[in-house]
Amino acid sequence: RHRHKEKWATTAPRIPATRLALHHFDTSYSLHLGALWPSVRAGLLCEQKYGALLNNFAAADHVPQELELLNATDFISEASQKVQEWQRLVAAGEVARGCQEGSETSPLLSASISSKIKCYTFPRGDITRFRPARPDALGLLDYYLMDAASLLPVLALSVQPGDFVLDLCAAPGGKTLALLQTGFCGHLAANDVSVSRTKRLYQILQSYVPREVRDTVSVTSYDGRDWDQVKGGTFNKVLVDVPCTTDRHSAMEEDNNIFHKRRTKERQMLPMLQLQLLMAGILAAKPGGGEVVYSTCSLSPLQNECVVERALDIAGAQFDISIHVEDLSHFRMLFQDTFSFLSDCRLGELVLPHLTANFGPMYFCKLRRM
């Protein structure tokens, strides 16, 4: 007689998107990464480490010295020195030519980082923060703070003098800026479907790049999936840095989190979107040697290797395009002092967050259109 009905809230309690993301990661990445996952998880949940990408267009000759006094080093020139030392040993016959990283890979190594890109990082375990960027006399900022692992796809692209380059999903602009720092882009097409994010890209170009270099960049807001209808088969190099689950952001920030309940459908459709963008990138590359780098900031094989494998199938079956997957394993050897890599990625390379080197996640894979 005195039974009462529990009151039900009109809406279910809102579970934070960050908690939904972590639950999803715990379920899928513990399977994918096994014993590595607890350490990677700890890295994702701790403060991210940054690199300072030097702005070659600014009058900032004092900056390298200033950063070196703080014990930061340019991880890219360190890798170049490794290559030179390696080649010296090969030339002197101190390294057997037939060994696994023998003479065949040495030209590849030098090509992969013969770069004017300079990025300073603090050593492993050193969590010093960089000061904010400062303007030079002309108002150009001296460096750009970014996840240093984001430079690896740009280095993998290995832009050569006069290359026509497409950055298909360019905003907010860190990788676009890095592509310009090579000084090699004959023309750079920077595209992003989001008009508001393209504004951020314009701001970065204004803050870092002089007008005469900005004039070699065309910024557009097409849907990247339709790019081949705009300019198919014309680019020497194509960067396809796709929208993804942005694992670090999703684990840490409620704002603009793709794990919000209302974005479930969008999240589930990501691998399809990524595949369409990668296919557009492949079709935009020149036949007979155009190169494409596909990248994400996710640990998910469904957004990484699986998307690449599917694209290879479709390129062959539907377009009769033969694609060669480039071996990037030398990146692991060159940059192991700075980043923590997954040692057995099926295709491409994956930087794992790690407490002593808390960059990434960053997946990248290089394809050549034959």
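Note on numbering: residues in each chain are counted from 1, in written sequence order. Reporting in this predicted model follows two pLDDT cut-offs: at least 70 for local features of residues, and 80 or more for side-chain atom pairs to be given and counted; totals over whole chains, interfaces and linings ignore these cut-offs and use all residues. Note that water and hydrogens are dropped before the side-chain values are worked out from all heavy atoms of the structure.

- As recorded by an unreviewed UniProt entry, the chain carries the name 5-cytosine rRNA methyltransferase NSUN4 and is attributed to Myiagra hebetior.
- UniProt, in the comment section headed Sequence similarities (unreviewed entry), describes the chain in these words: "Belongs to the class I-like SAM-binding methyltransferase superfamily. RsmB/NOP family."
- UniProt positions are given in the numbering used here, feature names are shortened, and annotations may be inferred rather than shown by experiment. Per UniProt, the chain has the following entry under Subcellular location (unreviewed entry): "Mitochondrion".

1. Things to note about the sheet that holds strand β2 (residues 73-74)
Turning to step 1, where the next piece is worked out: Two strands make a pair as long as DSSP finds a minimum of two bridges between them. In this text, helices come from DSSP runs of H or I with a minimum length of four residues, and strands from runs of E with a minimum of two, each type numbered from the N-terminal end. A sheet is described by the order of its strands in space; here four strands give the open sequence β2-β3-β1-β4, paired in antiparallel fashion. Strands at the two margins of the open sheet, each flanked by one partner only, are β2 and β4 (143-146).
Turning to step 2, where the next piece is worked out: Where strand β1 (residues 51-54) and β4 come together, four bridges link them in antiparallel fashion. Each bridged residue has a counterpart across the sheet, and for Leu54 the counterpart in β4 is Tyr143.
Turning to step 3, where the next piece is worked out: Contacts are assigned to residue pairs with any non-hydrogen atoms lying within 4.5 Å of each other. Axis lines are fitted through C-alpha atoms, for helices just across the contact stretch, and the angle between N-to-C directions can take any value from 0 to 180 degrees. Of the strands in this sheet, β1, β3 (119-121) and β4 are in contact with helix α3 (residues 62-69), which crosses β1 at around 160 degrees.
Turning to step 4, where the next piece is worked out: The sheet contacts of helix α7 (residues 174-181) involve β1 and β4, and relative to β1 the element is tilted by about 45 degrees.

2. Considering helix α14 (residues 305-319)
Turning to step 1, where the next piece is worked out: Its 15 residues place the ends of α14 20 Å apart at the C-alpha level, agreeing with the 21 Å of an ideal helix rising 1.5 Å per residue.
Turning to step 2, where the next piece is worked out: For each residue, the accessible area found with a 1.4 Å probe, counting protein chains only, is set against the maximum for its type, and the residue is called buried under 20%, exposed over 50%, and partly exposed in between. Among the residues making up α14, those that are buried are Glu305, Val307, Val308, Ala311, Ile314 and Ala315.
Turning to step 3, where the next piece is worked out: Against the buried residues of α14 lie α1 (17-33), α13 (270-284), β9 (291-296), β10 (323-325) and β13 (362-369).
Turning to step 4, where the next piece is worked out: Taken from the residues just after α14, Asp320 is the one with a positive phi, measuring 55 degrees. In this scheme, a helix's expected span is set at 1.5 Å multiplied by one less than its residue total.

3. Here we look at the packing of α13 against α14
Turning to step 1, where the next piece is worked out: It is the contact of α13 with α14, at a shortest axis distance of 9 Å, that shows an interaxial angle of 50 degrees. The orientation of α13 relative to α14 falls into the category oblique. Pair α13 / α14 crosses with right-handed handedness. Residues Pro271, Gln274, Leu275, Leu278, Met279, Ile282 and Leu283 of α13 pack against Val307, Val308, Arg310, Ala311, Ile314, Ala315 and Phe319 of α14. Angles are sorted into four bins: roughly parallel if under 35 degrees, roughly antiparallel if over 145, roughly perpendicular if 65 to 115, and oblique for all others. Working rule for handedness: look at the near helix, and if it is turned counterclockwise from the far one by less than a right angle, call the crossing left-handed; if clockwise, right-handed.

4. Thoughts on the pairing of strand β5 (residues 163-167)
Turning to step 1, where the next piece is worked out: The element β5 is extensively covered by neighbouring structure, given that four of its five residues are classed as buried.
Turning to step 2, where the next piece is worked out: Pairing of β5 with strand β6 (residues 185-191) involves five bridges; the strand directions are parallel. Paired with Leu166 across the two strands is Ala189, which belongs to β6.
Turning to step 3, where the next piece is worked out: Here is how to tell: hold the view so the strands point away, follow the path from the first strand over the helix to the second, and if it runs clockwise the crossover is right-handed. On the question of chirality, the crossover connecting β5 to the parallel β6 by way of α7 is right-handed.

5. Remarks on the UniProt feature "active site" (unreviewed entry) in the chain
Turning to step 1, where the next piece is worked out: Sites flagged by UniProt as "active site" (unreviewed entry) map to Cys297.
Turning to step 2, where the next piece is worked out: Within the element layout of this structure, Cys297 appears in the loop between β9 and α14.
Turning to step 3, where the next piece is worked out: Apart from the residues within four sequence positions on either side, Cys297 is in contact with Cys244, Thr246, Asp247, Pro361 and Met362.

6. Concerning the pattern of salt bridges
Turning to step 1, where the next piece is worked out: Within this document, salt bridges are pairs made up of a side-chain nitrogen of Lys or Arg and a carboxyl oxygen of Asp or Glu, the two lying within 4 Å of each other. This structure, assessed with the given rule, holds 17 salt bridges.
Turning to step 2, where the next piece is worked out: Across the pair Arg129 and Glu47 runs a salt bridge whose closest N-O atoms are separated by 2.9 Å. On the criterion of sequence distance, the pair formed by Arg129 in the loop between β3 and β4 and Glu47 in the loop between α2 (37-44) and β1 is long-range, its members being 82 residues apart. Neither Arg129 nor Glu47 differs from the other in exposure class; each is exposed.
Turning to step 3, where the next piece is worked out: Measuring nitrogen to oxygen at the nearest pair gives 3.4 Å for the salt bridge that ties Lys366 to Glu291. Here Lys366 is found in strand β13, whereas its partner Glu291 is found in strand β9, with 75 residues between them in sequence.

7. What about the nonpolar core?
Turning to step 1, where the next piece is worked out: In terms of nonpolar packing, the biggest core is built from 50 residues, with Phe75, Leu151, Leu152, Leu179, Phe335, Phe339 and Phe364 touching the most fellow members.
Turning to step 2, where the next piece is worked out: Among the elements that take part in this core, helix α6 (residues 151-157) stands out by supplying six residues, more than any other.
Turning to step 3, where the next piece is worked out: For Phe335, the residues in contact, after removing those within four places along its chain, are Phe75, Ile76, Ala79, Ile113, Leu152, Leu155 and Phe341.
Turning to step 4, where the next piece is worked out: The set of buried Ala, Val, Leu, Ile, Met, Phe, Trp, Tyr and Cys residues whose side-chain atoms join them within 4.5 Å is what this entry labels a nonpolar core. Core analysis: the next-biggest nonpolar cluster, separate from the first, contains 48 residues, Leu33, Ala251, Ile258 and Ala315 among them.

8. As for the packing of aromatic side chains
Given two aromatic rings, their pairing is described by the distance between the two centres and the angle made by the two planes.
Turning to step 1, where the next piece is worked out: Only rings of Phe, Tyr and Trp enter the pairing, Trp through its six-membered ring, and a pair is recorded when the two centres are within 6.5 Å. The plane angle decides the type: under 30 degrees is stacked, over 60 is edge-to-face, the rest tilted. Inspection of every chain in the model, using the stated rule, returns 15 aromatic pairs.
Turning to step 2, where the next piece is worked out: On the basis of an interplanar angle of 75 degrees and a centroid distance of 5.6 Å, the ring pair of Phe75 and Phe335 is categorised as edge-to-face. Of this pair, Phe75 sits in helix α4 (residues 75-91) while Phe335 sits in helix α15 (residues 329-335), placing them 260 residues apart in sequence. A single burial state applies to Phe75 and to Phe335, both of which are buried.

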